[in-house]
Structure formats: structure tokens, C-alpha cells
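Residue-level structural notes
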Amino acid sequence: MFERMQAILIKEFKQVLRDPRMKTVLFISPLLQVILFGYAANRDINYIPTAIYDRDNTKESRELLRSFTYSKYFIPKFYIYSDAEQNRVLDKGYASVVIRIDRGFGRNLNAGKDAQVQMAYDGTDSNTAMVVMGYANTVIGSFQEEILKQKAYATGRITAIANVQLRDRAWFNGNLISRNYYLPGVIASIVTIMSLLLTAMAIVREKEIGTMEQLIVSPLKPLELIIGKLMPFAVIALCQAVLITILGVFWFHIPFRGSLLLLLLSTCVYLFTTLGAGLFISTVSATQQEAMMSVFLFYNPVFLLSGFAYPIQNMPQIIQYLTIFNPLRYYLVIIRGIFLKGVGMDVLWPQLLPLVVMGLATIIMSSLRFRKRLG
Amino acid sequence: MNLKRIRAISNKEFIQIRRDPRSLGLALGIPIILLLIFGYGLSLDIDHVPMIVWNQDASSVTTRDFLLNFKNSKYFRIVRYTDNYRDIERMIDRGQVMLALIIPKDFSHYLESGKTAPLQLLVDGSDSNTATIAMGYVRAVVSQYNINLLSKTLADYGLNPPQAIDARPRLWFNMAFTSRWFIIPGVLSMIMMIIAALLTSLTVAREWERGTMEQLVSTPVKAPELIVGKFIPYFIIGFFDLFIGVLMARFLFGVPFRGSYFLLVILSAFFLTGALSQGILISTVARTQLLASQMAVLTTFIPTMLLSGFIYPIFNMPQAVQAITYLIPARYYIVILRGLFLKGSDMSTLWDEAVFLLLFALIMFTIAVRKFKKRVA
């Protein structure tokens, strides 16, 4: 038994790693994704290209604009003087927001009337627009507070002004860096796509080329064949997970507060579901092209509805219930919990338990199906 | 190039696709599923942020009034009131709440005596994007509350009516302010890329693997003919996917289409040609389907997801990465799709994107033909 296992494992490892380009790809793929997610996948908005359209040009309007530009977020890129220019900067997407102050702003403000500022946001990306709008409202709010305070103090009679001071503190990710949130998730995305795609295609390939028959007539037992087929990809996926963790922690300084052992353990558990799914896809696909498309059919919903980029709490109720069956959802909570929150089994067991159940169920079902196909 | 030979090759390819109806079904089914997920399932619009409140000053009317601002807002959902810190810690650890608002004991006392009352907010910062937006909501509530307090004080002293700055937000291009309008055009470009590049990336490698390439090479078919013949069927599938996608966007999701359909077809043809050529190039270089699939994911799928501005705004990226995004065709195609759908752009604003896509297509095609010739020889 051991000898046969050893033989098939050696064969499979050789087969996967024979092509030096394959080795490169297996190594480059996580590297590239970590770098991209580390540098590019950034939803933190620290830099808002702003166009300023000041038709009032009074002391008051300039003061308001100054409070925008003093906040480190709004970077004045354009000073514009006509409606046509306003259209152009928004059409071309050069500016995310146009701050437009019409004539009479200063006069109205001094006369104690409502003064208007028009903020034109590029709403194509509603999420960015929402963040920009939040920043703008904060700036305008504090400007307004400041003016009211000045007015109150100017009377000389009001000395005590009641106000609420907000002291906010972010836990786990003090500087609110989205990289810290996304990078640990890259482990999940790589492990998922690698184990699924490689497993499904490698098995179908043997069928396509006709070498599967040779394996079947060998003295290998079906279970040994399955383990031999799945093992190399599990090992590769685990190595990639470790590589990503090392890169993330040492290059990008992602906090790692939990236990590495728990991370590896839960990755193994999670791998049961993806390897099982890959095996299943291989039993229903006749060609590698079909296997690849099936993997994408499976991967995309799993990935998109996992909370990786889009928070589950924002999804419609029905879909939120559907995500209960999504293994990636639990795995992501575990990974992020280990990296950012440093929580252990005591908090994470409600995530680990469904993973174990799903993993065993998938791998057993797929193996049975695979055996039947062989027989 | 000889039309007859191209037809022969594309016929062969058509037959091969037809014999594998499941792949064809998937090529048409995946776009529909992706669009449904993105259209119905995903939203980046954040409201009903779950929140826990510890009001240490619960006996006062002031704090209850203050909390009404949160209770009556659709942006917050108060999950629970508590009277200890342990609950807060536990619920944030488990991810059951994102915000914890702590009103200190003498909150109302401070306010009534005209002093500054501290208010503590704890935020689960793991998802920094959502956290930033949620914190913005809280700041807005507090700021408005302060302004009201000030105005009241001024009025108490008989001063003239308080001024207000009326920030009139106007959302361009996306009046409904839904991320769906933004996402759907992006999804379309991702679908086109997946279908075009992934499907074709295997076609040449498959011939190598099965040994049928030798047979093809020994026929009088020339390299460019073979490549054109191979990608005609996929070109048609790609356009069919685009057609389904635009129909779903328009009629199922109500995304407006403000540009010209003619431009959409022309520019999509540029994009598809580039993507298909890239797929064929990968396939030629890789020779095995396993490797080809990995290379296709790496060079087409991932950059399209991450570097095209589809999800992550390009202006946020560091300069060096921004420079790389200029090489990603999806970047231009997304600008074109968003322009045509949301902004009603025409050639005068889109010409630079169009030129790039055309260049990309030509270059990719040339390289693919060259590489192929070399491989065969």
C-alpha cells in the first residue's frame, strides 16, 4: 500500500512540476496577486481630484475652499471658470467632485441667510462618491460650526458653548488600511482557484489523453489513486498560503496576531471542499476546456458571494441565506480573524465546524462518484 | 489570406464546439450567472450598519434625544443596548456589530452646563472601506447635532436667525446613486475578457496536446488563416454574450444606455480581437492546457479584476501601478462601456480609448501570428 502510494505521489508531483514554466507560474501567481492586492487593490480614498469653480470669489468663499484644501483629502487639480469646463472635467473623469460656489455666497452668509454650495460628484462609482460626499459634509459641517462659534463669541455675551466631541477609535486596523483587509483574503482566492482548477484539469487531462486507462489497470486502488491525484495540489496550495503569509507580514506589514498552526489547520480543512469540488468537476467534464469553464462557473459565485470584496451584510436577505452554504465565507472569516483580530478556536469554532462538515461531505461524495466512474 | 481556408478552419472549430455542448452552454451561462449575481447580489452601498450602544447616562432625556438621531436613520441599525464592556468586545470580535457607541456618565451634565461632552465610538476597522463610510455617517450626525445646539444657543440670546450652509449635492451620471449602475458595465467587460481569452487560450494548446497540430500544419493553411479561423467562432460567442449582457443590463437592471449602439459594436469588436489574440498567444506559448489555463488566469482574469478600475479606483493606486494599468485593455473598455451606458459619451471623448484598443488588437494579433509561425517551424 505504502509503496503504491509513494509511486503514484512521485508520478503526480513529477507530472505537475515537470514543465519549468509551470513551476514559475505556480510561484509567480501568488506573488503577483499579493503585490497587486498590496499596492493596487485599494479602496481607501486619500486623494480626491477636485475642481474648484468659485463664482463668488469673496473672503467667505475662499475661506470655505481653504477648509477643503487644508483637509488632506481634497486636492485642487483644476480651477475652472465656466459650465462647459465643469462638464468636461466630469465627463472625462478628471475630477471626482466639482465644488461650485455661486455669486452671493459671502453676502448671504453675512446677512444670516442660507448660503449655497453646489457639490457635483461623479457618481459613476457610487461607493467612491459616497466616501467623498462624507468627507465633504464633514468639512462643510465644521466650517459651519466655526462660523457659528465666531458669531457667538463676537457677541461677547456667550462664553460657554455646549458641543459633543466625537472620539473614534478603530480596532484591529487602527489606520484603516484596506490592504490589511484584502491581503489575507488573497490566500483564500489563490488556494481556491489553484486547488479547483489544477485538480479538475489534471484529472480530465488524463482522460483526454487516454492515460487514465493505464492507471486504472494498474494495481492502484481507487482511493490511492484519488489521494495521489489530490495530494500534490493540496501541498502546492499550502505552500502558496505560507508564501503569501510571509510576503504579507514581512513586506506589507500586515498584522498577524493569531496562530499560524490554526491557519494551516483551517486551510487543510478548507482544501477538502475545494479539492472535492475539483474532483467532482473532473467527473462531469469530458474536455479540459469544459473543466475550466465549469471551474469558473463554480468559482465566481463562491468568490463573489463570500464577503471577499462585497460585504455580505449588504446583500439581499435571500442571498445572505444562500451564503450559508458557501465554504469560502467561513474560511475568510477565519483567515481575517487570525490575521487581524488574533482570535482563536474559542471564537472561530462556529466557522470551523461548517467547514469540516462541508469538507467531509464534498470529498466523500466526489470520491464515490469518481470511483463509480472508474468502475 | 485565403477566405476558403479560413472558412474551413472555422468550420472545423465550430464543429468541435458543437460536439462539446456543455462548454458552449457554460460560455453562454456564465455571463448570465455573473450578471445576476452582480446585479442582484452585490452592493457597495452601505446602510443599516449594525451598532451596539452603551448609554451610561440613560436616565437623562438629552441622551435619549441624541440617540434618536441614530435610531431614526436608515444608516444605522441598533442591534443591542448594553451596560458593560464585555458585550461590546464580544460582539465586535465575532463581527456581529461594526460600531459601538459609548455615551459617558456625565454626557448630559456637560452639555447642560455648556461644556464639551465626549462621545466614544469604537469601530471594527478590519474592513476599512465600510468602516470609513460608517464613521463618516456618525460624524455627520454629531456635526449636525452640534450645529443645532449652537443655533439654539444663539437663538436663546436673541441673535439673528442662524445661517446655514446648504450643501447641494448633485450626483452626475448616476442619479439613482446605486453601485449597480457602476458595476454592471464593469461586469460586462470582465465577462468578455473571461470568455474571449480563457476559451481561446486552450484551443491551440489542445491541438498540441492531442497531436492534431501536426495534421493542421501539414495542410496548406497558413498561420494567420489558422488563427483567424480559430477565433471566428469565439468572436461570435463573445458578441452573443455582449448582446445578452446589454439586454439584461437595460431591461432587467434598468441601467440606462445613453450612447450609440453602433459605437458599442465597433469598439467591442476591437476589444474582442485583442482579447482573442491574447488567448491564442497564451495557447501557443503554453502548449499544454493546464499551463495555458494558469497563464490565462494570471494575465487576463486577474488584471481585469484588479487593475482595470472595475472595483478599485485607479486614481487611488500608486504611480507605478497606475502606469501598468495603461497596458490593460479592459481599463479602456470599461471607460468606454461606462461612457456609453452612463455618460452618453461619443467619439469625441472616447477616441483615445478606441485608438488604444485598436493598437492593442493589432499588436497582439501580430505577435500571436509570429509566435505561432515560430512554434510550428
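Residues numbered from 1 in each chain as written. Chains lettered and ligands numbered in written order. Predicted model: local features only at pLDDT ≥ 70, side-chain atom pairs only at ≥ 80, totals over all residues.

1. Brief notes about the overall build of chain A
Basically, it comes down to this: Comment: elements are numbered from the N terminus, with helices defined as DSSP H or I runs of at least four residues and strands as E runs of at least two. Each radius of gyration reported is based on C-alpha atoms, and the globular scaling rule is 2.2 Å times the count of residues to the power 0.38. Remark: residues whose backbone-derived C-beta atoms lie within 7 Å of one another are considered to be in contact.
The helix and strand tally for chain A stands at 14 helices and 5 strands. For 375 residues, the compact-globule formula gives about 21 Å, and the C-alpha radius of gyration of chain A, at 29 Å, lies well above that figure. In terms of its C-alpha atoms, chain A occupies a principal-axis envelope of roughly 95 × 50 × 40 Å. Pairs at least 24 apart in sequence give 78% of the contacts found in chain A among residues at least 6 apart.

2. A word on the overall build of chain B
Our working rule: Backbone-placed C-beta atoms define the burial measure: a residue is buried with 20 or more other C-beta atoms within 10 Å of its own, exposed with 12 or fewer, and partly exposed in between.
On a plain count of helices and strands, chain B comes out with 14 helices and 5 strands. Taken over C-alpha atoms, the radius of gyration comes to 29 Å for chain B, far larger than the 21 Å a tight globule of 377 residues would show. Dimensions of chain B, computed from the C-alpha atoms along their principal axes, are close to 95 × 45 × 40 Å. Taking all 377 residues of chain B together, the buried fraction comes to 49%. Across chain B, the fraction of contacts at a sequence separation of at least 24, relative to all contacts at a separation of at least 6, is 80%.

3. Focus on the pairing of strand E3 (residues 99–103) of chain B
Residue and element names in this part refer to chain B. Test applied: Two strands qualify as a pair provided DSSP detects at least 2 bridges between them.
Within E3, 4 of the 5 residues are buried, leaving the element largely enclosed by the surrounding structure. As paired elements, strand E1 (residues 49–55) and E3 share 5 bridges and run parallel to each other. Note on E3: the bridge partner recorded for Val 53 is Leu 101. Looking at chain direction, E3 and strand E4 (residues 116–124) are connected through 4 bridges and run antiparallel. Pairing of Leu 101 across the sheet is with Leu 121, part of E4.

4. As for the packing of helix H2 (residues 20–39) of chain A against helix H11 (residues 289–306) of chain B
Two packed helices can be described by the angle between their axes and the distance between those axes. Note the cut-off: Angular values range over 0 to 180 degrees, each being the angle between N-to-C directions of two axes fitted as lines to C-alpha atoms, with helices fitted over their stretch in contact. Throughout, the term roughly parallel applies to angles under 35 degrees, roughly antiparallel to angles over 145, roughly perpendicular to angles from 65 to 115, and oblique to all others. When residues are grouped by polarity, Ala, Val, Leu, Ile, Met, Phe, Trp, Tyr, Cys and Pro land in nonpolar, Asp, Glu, Lys and Arg in charged, and all others, Gly among them, in polar.
Running from N to C, H2 of chain A and H11 of chain B point in directions that differ by 10°, and their axes come no closer than 10 Å. By the angle between their axes, H2 of chain A is roughly parallel relative to H11 of chain B. Facing H2 of chain A, whose interface residues are Arg 21, Met 22, Val 25, Ile 28, Ser 29, Leu 32, Gln 33 and Leu 36 of chain A, H11 of chain B presents Leu 291, Gln 294, Met 295, Leu 298, Ile 302 and Leu 306 of chain B. Here the residues of the contact of H2 of chain A with H11 of chain B sort into 10 nonpolar, 3 polar and 1 charged.

5. As for the environment of Ala 134 of chain B
Residue and element names in this part refer to chain B. Counting through the fold element by element, Ala 134 comes out in helix H6 (residues 128–156). Considering only alpha carbons, one finds Ala 134 and Leu 99, 35 residues apart in sequence, at a separation of 8.0 Å. When neighbours within four sequence positions are excluded, Ala 134 is seen to be in contact with Ile 46, Val 49, Met 98, Leu 99 and Val 123.

6. Quick word on the packing of H2 of chain A against helix H9 (residues 222–250) of chain A
All names here are of chain A. Filter applied, for reference: Helix crossings are classified by the rotation of the near helix relative to the far one: an anticlockwise turn of less than a right angle makes the crossing left-handed, while a clockwise turn makes it right-handed.
Interaxial distance between H2 and H9 falls to 10 Å at its minimum, and their mutual angle equals 35°. In terms of crossing hand, the pair formed by H2 and H9 is right-handed. Within the contact between the two elements, H2 uses Leu 26, Pro 30 and Val 34 and H9 uses Ile 236, Gln 240, Leu 243, Ile 244, Leu 247 and Gly 248. Grouping the amino acids of the contact of H2 with H9 by side-chain chemistry returns 7 nonpolar, 2 polar and no charged.

7. Considerations on the environment of Phe 172 of chain A
The topology assignment puts Phe 172 of chain A in the loop between strand E5 (163–171) and helix H7 (178–209). Take Phe 172 of chain A: there are 25 C-beta atoms within 10 Å of it, and that puts it in the buried class. Once the C-alpha coordinates of Phe 172 of chain A and Phe 339 of chain A are considered, the two residues, 167 residues apart in sequence, prove to be 9.3 Å apart. Sequence-distant contacts of Phe 172 of chain A, defined by excluding residues within four places in its chain, comprise Leu 340 and Lys 341 of chain A together with Asp 124, Gly 125 and Ser 126 of chain B.

8. A closer look at the nonpolar core
Residues and elements named next belong to chain B. Heads up, the condition is: Working definition: the nonpolar core is a set of buried Ala, Val, Leu, Ile, Met, Phe, Trp, Tyr and Cys residues, joined through C-beta atoms within 7 Å.
Of all hydrophobic cores here, the largest spans 157 residues; its most connected members are Met 192 and Ala 196. The biggest single contributor to this core is helix H7 (residues 179–210), with 19 residues. Those residues in contact with Ala 196 that lie beyond four places of it in its chain are Tyr 234, Gly 238, Leu 272, Ala 275, Leu 276 and Gly 279.

9. Observations concerning helix H2 (residues 21–41) of chain B
Owing to its 3.6 residues per turn, the α-helix aligns residues three or four sequence positions apart on the same side. All names here are of chain B. The condition is simple: For a helix, the expected span equals 1.5 Å multiplied by the number of residues minus one. Two axes enter the definition of the bend at a residue: one is fitted to the seven residues ending there, the other to the seven starting there, and the bend is the angle between them.
Relative to the 30 Å expected for 21 residues at 1.5 Å per residue, H2 spans 28 Å between its end C-alpha atoms, a close match to the ideal helical length. The principal kink in H2, of about 30°, is found at Gly 29, preceding the proline Pro 31 by one to four residues. Considered for burial, the residues of H2 that qualify are Ser 23, Leu 26, Ala 27, Ile 30, Pro 31, Leu 34, Leu 35, Phe 38 and Gly 41.

10. Section: the interface of chain A and chain B
The interface of chain A with chain B comprises 113 residues on the first partner and 110 residues on the second. When contributions to the side of chain A that touches chain B are tallied by element, the ones reaching two or more residues are H2, helix H4 (83–91), strand E4 (115–122), helix H6 (126–155), E5, H7, helix H11 (288–304) and helix H13 (327–341) of chain A. Per element, the largest residue contribution to the side of chain A that touches chain B is 23 residues, and it comes from H6 of chain A. Each residue belonging to the side of chain A that touches chain B can be placed in one class, and the counts come to 63 nonpolar, 29 polar and 21 charged.

11. Things to note about the sheet that holds E3 of chain B
The sheet built from 5 strands is open, its strands ordered E5(A)-E4(B)-E3(B)-E1(B)-E2(B) with mixed pairing. Two strands in the sheet have a free side with no partner beyond their single neighbour: E5 of chain A together with strand E2 (76–81) of chain B. Here the strands of the sheet are splayed against their neighbours by 25° on average, with no regard to which way each runs. Of the pairings in the sheet, the one linking E1 of chain B to E2 of chain B comprises 5 bridges and is parallel in character. Following the sheet pairing, Val 53 of chain B is matched in E2 of chain B by Tyr 81 of chain B.

12. Quick word on the pairing of E1 of chain B
For clarity, the threshold we go by: Place the viewer so that the strands point away; then a crossover is right-handed whenever the path from the first strand over the helix to the second strand goes clockwise.
Counting buried residues along E1 of chain B, 6 of its 7 residues qualify, which places the element largely inside the surrounding structure. Between E1 of chain B and its parallel partner E2 of chain B, the chain crosses via helix H3 (residues 61–71) of chain B, and the hand of that crossover is right-handed.

13. Things to note about H11 of chain A
Taking 1.5 Å as the rise per residue, H11 of chain A with 17 residues should run 24 Å; its terminal C-alpha atoms sit 24 Å apart, in good agreement. Of all 17 residues in H11 of chain A, 14 are buried, a share of seventy percent or more.

14. Considerations on unusual backbone geometry
Of note, Asn 57 of chain A is a non-glycine position whose phi angle comes to about 50°, a positive value. The phi dihedral of Arg 287 of chain B is positive, around 70°, even though this residue is not glycine. When you line up the elements, Arg 287 of chain B lands in the loop between helix H10 (261–286) and H11. According to the C-beta neighbour criterion, Arg 287 of chain B is partly exposed, with 17 such atoms within 10 Å.

15. Regarding the environment of Ile 334 of chain A
Residues and elements named next belong to chain A. Positionally, Ile 334 belongs in helix H13. Judged by the 27 C-beta atoms lying within 10 Å of it, Ile 334 falls in the buried class. On a C-alpha basis, the gap between Ile 334 and Gln 351 in space is 6.8 Å, while along the polypeptide they are 17 residues apart. For Ile 334, the residues in contact, after removing those within four places along its chain, are Ser 266, Leu 348, Gln 351 and Leu 352.

16. Quick word on the confidence of the model for chain A
Detail in the predicted coordinates should be disregarded across regions flagged by low pLDDT. The line we're drawing: As a per-residue measure, pLDDT tells how confident the predictor is, with possible values from 0 to 100.
Taken over all residues, the pLDDT of chain A has a mean of 85, while the share at 70 or more is 97%. Mean pLDDT across the elements of chain A bottoms out in E5 of chain A (74) and peaks in helix H10 (residues 260–284) of chain A (92).

17. Description of the confidence of the model for chain B
Mean pLDDT over chain B: 85, with 93% of residues reaching 70 or higher. Reported confidence for the predicted complex is 0.76 by ipTM and 0.80 by pTM.

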